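# Summary of structural features
One-letter residues, chain by chain:
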Amino acid sequence: MEDKIKELAKKYNIPPTLLLEAIEMEKEKVVSKNRQLVPKIIQLIEIYSET
């Protein structure tokens, strides 16, 4: 799975850690229950775009 994440990150030019964090949020389902997944992902993108 790590290789696929790295491949996707390279293909779409996004940080691999951003993908991993999004996957973890989806696995937890806590974010989905509160319908907060999209705002959380937007926050992650903002954080990673600053670095």
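Residues numbered from 1 in each chain as written. Predicted model: local features only at pLDDT ≥ 70, side-chain atom pairs only at ≥ 80, totals over all residues. Heavy atoms only, no water.

In this section: unusual backbone geometry. Although it is not a glycine, N13 sits at a positive phi angle of roughly 55 degrees. Here N13 is to be found in the loop between α1 (2-12) and α2 (16-28). (Helix = DSSP H or I, 4+ residues; strand = E, 2+ residues; numbered from the N terminus.)

This brings us to the pattern of salt bridges. Tallying each qualifying case throughout the model produces one salt bridge. The partner of K4 in a salt bridge is E7, with the nearest N and O atoms 3.7 Å apart. Remark: E7 and K4 occur in helix α1; sequence separation between them is three residues, near one turn of the helix. You can call E7 partly exposed: its relative accessible area is 48%. (Salt bridge = Lys/Arg side-chain N within 4 Å of Asp/Glu carboxyl O. Buried < 20%, exposed > 50% of the residue type's maximum accessible area, 1.4 Å probe, protein only.)

Glancing now at the environment of L19. With respect to the element layout, L19 can be found in helix α2. The sequence separation of L19 and L44 amounts to 25 residues, and the corresponding C-alpha distance is 9.5 Å. Not counting chain neighbours up to four residues away, the residues in contact with L19 comprise I5, L8, A9 and I14. (Contact = heavy atoms within 4.5 Å.)

Now for the confidence of the model for the protein chain. Summarising the model, the protein chain shows a mean pLDDT of 79, and 86% of its residues fall at 70 or more. Mean pLDDT values for the elements of the protein chain range from 57 in helix α3 (residues 30-33) up to 86 in α1. (pLDDT = per-residue confidence, 0-100.)

Two quantities define a packed helix pair, namely the angle between the axes and the distance from one axis to the other. At their nearest, the axes of α1 and α2 sit 8 Å apart, and the two run at 120 degrees to each other. The angle between α1 and α2 places the two elements in the oblique class. Crossing of α1 over α2 shows right-handed handedness. Here α1 contributes E2, I5, L8 and A9 to the contact with α2, which in turn contributes P16, L19, L20 and I23. When the residues that make up the contact of α1 with α2 are grouped by side-chain class, the tally is seven nonpolar, no polar and one charged. (Axes fitted to C-alpha atoms, helices over the stretch in contact; angles between N-to-C directions. Parallel < 35°, antiparallel > 145°, perpendicular 65-115°, else oblique. Left-handed = near helix turned anticlockwise from the far one by under 90°. Nonpolar A, V, L, I, M, F, W, Y, C, P; charged D, E, K, R; others polar.)

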